[in-house]
Amino acid sequence: MSTPIHRTSTRQSAAVLTSAQQRREGSRTGSTSARSTEHALLAMQARAGNRATTAAVQRARDTARDPARDTERDRAAENGGPSAGAKKNYRDRIAALLDRFKKNLEPIDTFIKGFQTPTNAAFTQQAAVSANEGLKHSAAASGTSAASGNLLTEAAGTVVSGMDAYKNMKDAKKHETGANHHTAKKKAKSKGADAVVGAANSGSYSAAIAKEVTKVQKAADAAVASEASGIASASIGAIKGMRSVFRVGGAARKYKEVKSLGDPHVVHAGSLARLNESREQAGWAAAEAYVALDAYWAHDGPERLELVSEAIDAAWEAMGEARDAAESLHRAEKDVEKLSTVQGYAKKKQLTKMGKETVSGGGESTKAAAGIVTAVAAGTVGLASNPVGWGLAGAGAGLVLGVTMYKALRAATKRYEEVHHPERWAPKGETPEEAASRKESLKHALKFWKKVSKGERQAMAREIYALAAGPDISGSGSTTAEMRESARSLLIALKSGPAKHKLEPEAWVETLNDPAKTGDWIQEIAEQLASG
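Residues numbered from 1 in each chain as written. Predicted model: local features only at pLDDT ≥ 70, side-chain atom pairs only at ≥ 80, totals over all residues. Heavy atoms only, no water.

**Notes on the overall build of the protein chain**
A count of helices and strands for the protein chain gives 16 helices and zero strands. Of all intrachain contacts in the protein chain linking residues separated by at least 6 positions in sequence, the fraction that spans at least 24 positions is 77%. With an accessible surface of roughly 27,800 Å², the protein chain has 58% of that area assigned to carbon and sulfur atoms. (Helix = DSSP H or I, 4+ residues; strand = E, 2+ residues; numbered from the N terminus. Contact = heavy atoms within 4.5 Å. Areas by Shrake-Rupley, 256 points an atom, 1.4 Å probe, with all protein chains shown as cover.)

Here it is in structure tokens:
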């Protein structure tokens, strides 16, 4: 449905460029070569966007026809019965197709927002200053193509977010308490907000398309359309900027909560000292037992063998106690290091989130200011004749683009490490997968539509759970009570405590000690590490 729109935009762009060139050849023959570059750039932008969008649609269709994926979904749906499984399978296919379609469009959308839209604004300003109608119409045609691409991406994202919100709302009702309930409830809120913002943003892009179309058609109400588009752009920019402020606030509060737990080396200095004292006492007891054993060996009385046997048993028991004390101290020291590492990681994630949201929110606020300037200029001195408007738009787009590129680079690096160094973050006790070659790893890194499933965050979530879990969980039986309590305090600081799970503290502790809920807990902790 979206492809004909883009093809029409391309034909409009070509027609406008041709008519503009013919007018210039008749009236301004001497300046043709100087201005043809501008028109060629605008035409190139429009055509590149249309072709890339068409390729994205084809890639999404190919994914929808992937038989391996279909087999997996069919097998997963069997547990719900034939009828329920068919409905779920159908819904999942639509969601997967739209999600893949959106992710294939995101690089195009990034190019449009970061390069094409600011460039169009600059050419529009230049056309207004020089009263160049041909350049104005060419920029408007390119702007129509850009806004159409933005609208297509945003509309797909809005539908995907709405479907995710609905699915997670059902999951939250299904799991009334526990980690699954909290994870689903949090996602439902987040995706619901994404759907609302996406719908508003789609309206803003629709207004932008209307604005550019009125320019192309030389409509008399072009100023009104430009003013409406500026107001819509300012409103959505303000909404996104305010949402970033709330996210920064949430990350700051979580950072403060984690920091208030204190340095584990200091908090557990007393317990480590007590364990060290126990180790030393056990060591002295073992040494005394061996001294007694030597003394009984030198005894010549008839009870010598009986005394030596008892001394050997005492020495063996003392050595066992000394070994256990040393192991307990060593385990506690390792746990302190682990707790310090995961707390540092949690604080770093929140600081990074604060930085990204601050820059992104600043970019959206700047774009909102640009929309206000555009609306004022359209209502007073003419369409986009104020250079402040497109200057602010370019600055805002640059900030948002910087954050987007940073996220994309970080994600690509993680995907590369995931397959090239699988042993780095592999779960303990599991044999890591075979490392992929550099070429295959680079190919995997470029699959921007795939999420990292075996990275540092997942490894840190496993470490936190191992420290907080109960004695029935494999690998957690030797954790000291003090260390386990500190790890559970970290969970509460990460907003995964009893209140968030709608459980009493005792029931919450029981879920931590339930092997059947291990996967749910690790997923919950990983989600909370990434969110504010």
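Okay, back to it.
**Some points on the nonpolar core**
Core analysis: the biggest nonpolar cluster contains 32 residues, and Ile464, Tyr465, Leu491, Trp521, Ile525 and Leu529 have the highest contact counts within it. For this core, the secondary-structure elements that each account for two or more residues are α10 (304–379), α13 (456–468), α14 (481–493), α15 (505–512) and α16 (518–530). Beyond its immediate chain neighbours, meaning those up to four positions away, tyrosine 465 contacts Ile473, Leu512, Asp514, Thr518, Trp521, Ile522 and Ile525. (Core = buried A, V, L, I, M, F, W, Y, C linked by side-chain atoms within 4.5 Å. Buried < 20%, exposed > 50% of the residue type's maximum accessible area, 1.4 Å probe, protein only.)

**A look at the layout of surface pockets**
Its volume calculated, the second largest pocket comes out at about 650 Å³. If you trace the second largest pocket, you find 26 residues lining it, with Pro427, Lys428, Arg462, Glu463 and Ala466 closest to the centre. Looking at which element gives the most residues to the lining of the second largest pocket, the answer is α13, with seven residues. Of the residues assigned to the lining of the second largest pocket, the class counts are 11 nonpolar, six polar and nine charged. (1 Å grid on protein atoms, 1.4 Å probe; cavity = no way out; pocket = protein on both sides within 12 Å on 5 of 7 lines; lining within 4 Å. Points joined across faces, edges and corners; volume = space filled by probe spheres on them. Nonpolar A, V, L, I, M, F, W, Y, C, P; charged D, E, K, R; others polar.)

**Remarks on the packing of α13 against α16**
Axis separation between α13 and α16 bottoms out at 8 Å; the angle between their running directions is 120 degrees. In terms of orientation, α13 and α16 fall into the oblique class. In the crossing of α13 with α16, the sense of the turn from one axis to the other is right-handed. Touching Arg457, Gln458, Met460, Ala461, Arg462, Ile464 and Tyr465 of α13 are Thr518, Trp521, Ile522, Ile525, Ala526, Glu527, Leu529 and Ala530, all from α16. Looking at the contact of α13 with α16, its residues break down into 10 nonpolar, two polar and three charged. (Axes fitted to C-alpha atoms, helices over the stretch in contact; angles between N-to-C directions. Parallel < 35°, antiparallel > 145°, perpendicular 65-115°, else oblique. Left-handed = near helix turned anticlockwise from the far one by under 90°.)

**Things to note about the packing of aromatic side chains**
With the rule as written, the count across this model stands at one aromatic pair. Measuring from centroid to centroid gives 6.1 Å for tryptophan 508 and tryptophan 521, while their planes differ by 70 degrees, and the two rings are edge-to-face. Taken together, the residues tryptophan 508 in helix α15 and tryptophan 521 in helix α16 connect sequence positions 13 residues apart. There is no split in this pair, since tryptophan 508 and tryptophan 521 are both buried. (Phe/Tyr/Trp six-rings, centres within 6.5 Å; stacked < 30°, edge-to-face > 60°.)

**What about the pattern of salt bridges?**
Scanning all chains against the criterion turns up 13 salt bridges. The salt bridge partner of lysine 167 is aspartate 171, with a shortest N-O separation of 3.3 Å. Of the two residues, lysine 167 and aspartate 171 both sit in helix α5 (residues 133–174), four residues apart, roughly one turn of that helix. On the basis of relative accessibility, which here comes to 22%, the residue aspartate 171 falls in the partly exposed class. Taking the shortest distance from any N to any O, the salt bridge between arginine 424 and glutamate 417 comes out at 3.5 Å. Assessed through its relative accessible area of 24%, glutamate 417 is described here as partly exposed. Members of the salt-bridge network, linked through shared partners, are Asp194, Arg243, Arg247 and Glu357. (Salt bridge = Lys/Arg side-chain N within 4 Å of Asp/Glu carboxyl O.)

**Some details on a nonpolar patch on the surface**
Together, Met242, Val245 and Phe246 line one region of the surface with nonpolar side chains, adding up to about 330 Å² of accessible area. Position of methionine 242 relative to the elements: it lies in helix α7 (residues 222–259). Assessed through its relative accessible area of 46%, methionine 242 is described here as partly exposed. (Patch = residues over 30% accessible without salt bridge, like charges linked within 9 Å, V, L, I, M, F, W, Y side chains within 5 Å.)

**A few points about the packing of α13 against α14**
At a closest axis distance of 7 Å, the pairing of α13 and α14 adopts a crossing angle of 130 degrees. Comparing their axes, α14 and α13 come out oblique. Relative to α14, α13 is oriented so that their crossing is left-handed. Mapping the contact onto sequence places Ile464, Leu467 and Ala468 in α13 and Met483, Arg484, Ala487, Arg488, Leu490 and Leu491 in α14. Its residues placed into classes, the contact of α13 with α14 shows seven nonpolar, no polar and two charged.

**Remarks on helix α12 (residues 438–445)**
Within α12, the full set of buried residues consists of Ser441, His444 and Ala445. Angularly, the buried residues of α12 cover 100 degrees about the axis, an arc narrow enough to put them on a single face. (Arc of directions from axis to C-beta.)

**A closer look at a negative patch on the surface**
Where like charges cluster on the molecular surface, the negative patch consists of Glu303, Glu306, Glu310, Asp313, Glu317, Glu321, Asp324 and Glu327. Here glutamate 321 shows up in helix α10. The partly exposed category is assigned to glutamate 321, whose relative accessible area is 44%. (Lys, Arg positive; Asp, Glu negative; His and termini not counted. Charge placed at Lys NZ, Arg CZ, Asp CG, Glu CD.)

**What about the side chain of histidine 444?**
Within the element layout of this structure, histidine 444 appears in helix α12. Separated by 3.4 Å, the side chains of histidine 444 and glutamate 418 make a polar contact. The contact partners of histidine 444, leaving out residues within four places of it in the chain, are Arg415, Glu418, Val419 and Lys450. (Polar contact = N/O pair within 3.5 Å; in protein donor to acceptor, adjacent residues only side chain to side chain.)

**What to know about the environment of serine 202**
Its location among the elements puts serine 202 in helix α6 (residues 178–216). Separated by 51 residues in the primary sequence, serine 202 and leucine 151 have C-alpha atoms spaced 5.5 Å apart. The contacts of serine 202, once residues within four sequence positions are left out, are Leu151, Glu154, Ala155 and Thr158.

**Brief notes about the side chain of serine 244**
Position of serine 244 relative to the elements: it lies in helix α7. Beyond its immediate chain neighbours, meaning those up to four positions away, serine 244 contacts Glu357, Ser360 and Gly361.

**Considerations on a positive patch on the surface**
Among the surface-exposed residues, Lys185, Lys189, Lys500 and Lys502 lie close enough to one another that they form a single positively charged patch. Residue position: lysine 502 is located in the loop between α14 and α15.

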